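Analysis of the macromolecular model
Here are the chains, one letter per residue:
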Amino acid sequence: MASAAPRRLESYVYGAWTAGKGDGLPLLDAGTGETVALIDSKGLDFAEVLHYGRSVAGPKLRAMSFHERAAMLKALGLALMGKKEEFYAESFRTGATRADGWVDIEGGIGTMLTFASKGRRELPNTRILTDGNMEPLSKDNSFSAQHIYAPLQGVAVHINAFNFPIWGMLEKISPTLLAGVPAVVKPASQTAYLTELMVRRIIETGLLPEGALQLISGSVGDLLDHVTGQDVVTFTGSAWTGRKLKAHPAVIANSARFTMEADSLNASILGPDATPGTPEFDLFVKEVMREMTVKAGQKCTAIRRVIAPRDHVDALVKALGDMLGKTALGLPDDETTRMGPLASLHQRTEVRERIQDLLSDAEIVAGNPDNVRVASGDAERGAFLNPILLYADDPFGAFKVHDVEAFGPVSTVLPYDSIEEAVELARLGKGSLVSSVFTDDPKVAEEVVLGVAPFHGRVLVGNRRSAKTSTGHGSPLAGLVHGGPGRAGGGEEMGGMRGVKHYMQRTAVQGTPRLLSAVTGRWIEGADVQHGEHPFRKSLAELKIGDQLMTAKRQVTLDDVEHFAHFTGDTFYAHMDEAAAKANPFFDDRVAHGYLIASFAAGLFVEPNPGPVLANYGVDNMRFLTPVYFGDTVQVRLTCKEINPRENANHGEVHWDCQVTNQKGEIVAQYDVLTMVAKIWPPAQAAAE
Ligand code: NDP
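Residues numbered from 1 in each chain as written. Predicted model: local features only at pLDDT ≥ 70, side-chain atom pairs only at ≥ 80, totals over all residues. Heavy atoms only, no water.

Right, let's talk about the pattern of salt bridges for a bit. All told, the structure shown has 43 salt bridges when counted by the stated rule. Of the charged contacts, one joins lysine 172 and glutamate 171 as a salt bridge, the two residues approaching to 3.4 Å between their closest N and O atoms. Across this residue pair, the class does not change: lysine 172 and glutamate 171 are buried. Across the pair aspartate 547 and lysine 538 runs a salt bridge whose closest N-O atoms are separated by 2.9 Å. Aspartate 547 gets classed as buried once you look at its relative accessible area, which sits at 2%. By relative accessible area, lysine 538 is classed as buried at 15%. Among the ionic contacts, a cluster of salt bridges with common partners joins Arg7, Glu10, Glu90, Glu196 and Arg200. (Salt bridge = Lys/Arg side-chain N within 4 Å of Asp/Glu carboxyl O. Buried < 20%, exposed > 50% of the residue type's maximum accessible area, 1.4 Å probe, protein only.)

Attention now moves to the UniProt feature "domain: MaoC-like" (unreviewed entry) in the protein. In the numbering used here, UniProt assigns the feature "domain: MaoC-like" (unreviewed entry) to residues 545-654. Within residues 545-654, the helical portion is 30% and the strand portion 34%, while the C-alpha atoms at the span's ends are 10 Å from each other. (UniProt positions renumbered as here; feature names shortened; annotations may be inferred. Helix = DSSP H or I, 4+ residues; strand = E, 2+ residues; numbered from the N terminus.)

Tracing the chain through its elements places isoleucine 419 in helix α12 (residues 419-427). With relative accessibility at 13%, the residue isoleucine 419 sits in the buried group. Residues isoleucine 419 and lysine 544, 125 residues apart in the sequence, show an inter-C-alpha distance of 60 Å. When sequence neighbours within four positions are dropped, the list of residues in contact with isoleucine 419 reads Pro272, Val444, Glu447 and Val448. (Contact = heavy atoms within 4.5 Å.)

Now for the packing of helix α3 (residues 84-91) against helix α4 (residues 98-122). Contact pair α3 / α4: the axes reach a minimum separation of 10 Å and the direction vectors enclose 125°. The angle between α3 and α4 falls in the class oblique. Crossing hand, α3 versus α4: right-handed. Taken together, the residues of α4 that come into contact with α3 (itself represented by Lys84, Glu85, Phe87, Tyr88 and Ser91) are Arg98, Gly101, Trp102, Ile105 and Glu106. When its residues are assigned to classes, the contact of α3 with α4 shows 4 nonpolar, 2 polar and 4 charged. (Axes fitted to C-alpha atoms, helices over the stretch in contact; angles between N-to-C directions. Parallel < 35°, antiparallel > 145°, perpendicular 65-115°, else oblique. Left-handed = near helix turned anticlockwise from the far one by under 90°. Nonpolar A, V, L, I, M, F, W, Y, C, P; charged D, E, K, R; others polar.)

What surrounds the ligand is a group of 24 residues, the closest being Asn160, Lys186, Ser189, Ser238 and Cys300. Glutamine 347 has a polar side-chain atom sitting 3.3 Å from an oxygen atom of the ligand. Looking at the shell around the ligand, the elements that each hand over two or more residues are β11 (232-236) and α7 (239-246). Ranked by residues supplied to the shell around the ligand, first place goes to α7 with 3 residues. A breakdown of the residues in the shell around the ligand according to their chemical character gives 11 nonpolar, 8 polar and 5 charged. Shared between two domains, the shell around the ligand holds at least three residues of each, these being domain 1 (7-18 + 45-241) and domain 2 (267-472). (Near = heavy atom within 4 Å. Polar contact = N/O pair within 3.5 Å; in protein donor to acceptor, adjacent residues only side chain to side chain. Domains from an automatic or database assignment.)

Attention now moves to the packing of helix α16 (residues 558-568) against helix α19 (residues 594-605). For the pair α16 and α19, the least separation of the axes is 10 Å and the interaxial angle reads 105°. By the criterion of interaxial angle, the relationship of α16 to α19 is roughly perpendicular. Residue-level inspection shows Asp560, Val561 and Phe564 of α16 in contact with α19, the latter providing Tyr595, Leu596, Ser599 and Phe600. A per-class count over the contact of α16 with α19 returns 5 nonpolar, 1 polar and 1 charged.

Judged by pairing direction, the sheet is antiparallel, and its 5 strands sit side by side in the order β23-β25-β26-β27-β24 without closing on themselves. A single partner strand is all that each edge strand has here, and the edge strands are β23 (548-555) and β24 (613-624). Averaged over all pairs of adjacent strands, the angle between their axes in this sheet comes to 25°, without regard to strand direction. With 6 bridges joining them, β23 and strand β25 (residues 633-645) adopt antiparallel strand pairing. (Pairing = 2+ DSSP bridges.)

Let us now look at the nonpolar core. With 57 residues, the main nonpolar core has Leu170, Ile173, Met198 and Ile202 as its most contacted residues. Within the second largest apolar cluster, 35 residues are counted, among which are Ala267, Ala362, Val404 and Val452. (Core = buried A, V, L, I, M, F, W, Y, C linked by side-chain atoms within 4.5 Å.)

Residues annotated by UniProt as "domain: Aldehyde dehydrogenase" (unreviewed entry) correspond here to residues 54-495. In the segment residues 54-495, helix accounts for 36% and strand for 18%; the C-alpha atoms at its two ends are 25 Å apart.

The 3 strands lie next to each other as β6-β7-β22, forming an open sheet whose pairing is antiparallel. This sheet does not close on itself; its edge strands, each paired only once, are β6 (129-136) and β22 (504-511). Across the sheet, the axes of successive neighbouring strands diverge by a mean angle of 20°, strand direction being ignored. The pairing of strand β7 (residues 144-151) with β22 spans 8 bridges and is antiparallel. Bridge pairing links isoleucine 148 to threonine 507 in β22.

Okay, the domain arrangement of the protein next. Entries for the protein in the domain assignment read domain 1 (7-18 + 45-241), domain 2 (267-472) and domain 3 (529-678). A C-alpha centroid distance of 56 Å is found between domain 2 and domain 3.

Burial of strand β8 (residues 156-159) is two-sided: the residues Ala156 and His158 facing one way and the residues Val157 and Ile159 facing the other way are all buried. Judged from the 4 bridges that link them, β8 and strand β9 (residues 183-186) form a sheet pairing that is parallel. Each residue of the ladder has a partner; that of histidine 158, found in β9, is valine 185. A crossover connection joins β8 to the parallel β9 through helix α5 (residues 167-179); in handedness this β-α-β unit is right-handed. Sheet analysis places β8 next to β11, joined by 4 bridges and oriented parallel. The partner of valine 157 across the bridge, within β11, is valine 233. (Right-handed = clockwise from strand over helix to strand, strands pointing away.)

Next up, the structure:
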């Protein structure tokens, strides 16, 4: 029976699925060598792709608040998770086993869901962000400054590598869309059929504004000629291509932001305390083995250099060699397979050539690149390669080992004679994405982390205590920065909400507080205030930024302090012992407890009856600034500072600027009170509406 004709991949550009006008380059199944799809982007108008994203989707995304965008990402992530089996089926063709596919598919969708949830929890429900506190620039508060972040008005062009066709896209578009910026994704050709499938499913949901995500299947043509200073280009792949694109004339001329994540010779260090027989030794062996075999070692974070005490090298090589030798190599959809093929025959040739380079400084101690042993599949038609372990006896003379990345199941063991040497060897990678050390000795952990941190974007310390919960050396996480200095490309991605700011411009805005507050939607000192009904009686429908309450005054007495001390058990000497308090450099006498002042403040500002304020969920940035002595009188000024209505809920969060002063007008305490407030009050009225 004739097999079905391979499908032609399409690009999703300027609002339509569009086929290239060329013949199409065949993309082969990594395990069987069959043609999966044809790819080409000939005839696309790349300038129009950028223009369409900027003009059609940009304004729509920027009109949404962070919480609306976060809700959009959540709905999208959940919809994609519901279709995961379809992605797994296609993912096998890239050479990924089910376990490898989990990292790419569920890891990618999970990253999107994490950005959605962090965006909802950590960002305000606004369209711009404030950065830091207001900077007072005048004594009378008539001129101040506030740093803000506003979304860039261009598009983000994401050029991805072949090894993570789904995660690579989702980890980049999640912070991009959350920031309010449209994305154009260009997956590596070799595995673009999986990315194309996911983009089809994303577009079908109808959850993204039109133009917020475009896909280029095939070459990007002259697209980079048209980038402007409002666009961002991110790149994951080889250092050679990355450097070429970073030096593109339009990128340089327009100072377009360029983030690069390139090859990396990540190292893992076995601590001197982690001798054979210790849990750390066993964990190290498992970790190196996992990093060499997951995705057949085609991970930008994989361990390429294994740094171990010289005395334990023999035991380590034996343990690793035994485990690697038992790794069943075979077809990705065969359940007994532990490691699948490389992404393509071309990649296998590349990896074999890089092993030859490494052999000028190292010897093979496990595996044979020319003798492929498979448990299933065809050793020649599929891009199979068993794991290869090398050893370099003179690690400081092994220049290739610190320079050449064999992007496959290949690592080199390097011996060290002192912990300083181990650190120095890790640094010879000239900057990597991640490094790890396996030790249970705090001194080793400190010395290694301080020594290698400036050369890495992430450092993992592994030991027996975290063995069960550790996410591992090779897993970038949505909440942590991913990227590394120097050879690793000098870029940074993700890192939670840090990553969102990569698609925004930070601007220092100077002016009078009333106008700064209008710009940011957040009250600052010196901005307008309104007095009237107690603000705790107002629902979100009525409450306004700047609504303010000046409370009654209350005198603080010796009896108050004695009562509070014995009631709570806080009998710290500064509150109880006059002589000891006077001897303290900060106090002239016994002082009231800071928490007593905060409690009195609450007693002064609350509105006790049932009302729209539903709960107080904490305070932020509490500072006690001036001591309160017996006989002093305190008063509270409470101002509505920030209002964040929650999406899909009947309430929102309100931050109140709370300032407590004494009878001389000195600020004794300053903090933000955080409350949940109903959108509409009373509830019966909310139900009716
Ligand atoms: P490349 O650097 O060749 O490709 C990476 C991405 O850049 C692909 O999407 C590719 O598209 C695109 N690209 C290539 N040339 C251009 C260009 N002139 N303009 C615009 N985009 C371009 O890397 P490969 O994927 O081929 O992998 C080669 C090596 O890179 C690997 O063997 C490995 O050493 C390293 N690598 C490192 C990774 C990391 O995360 N650190 C990840 C993957 C690879 P197309 O596929 O269509 O050519």
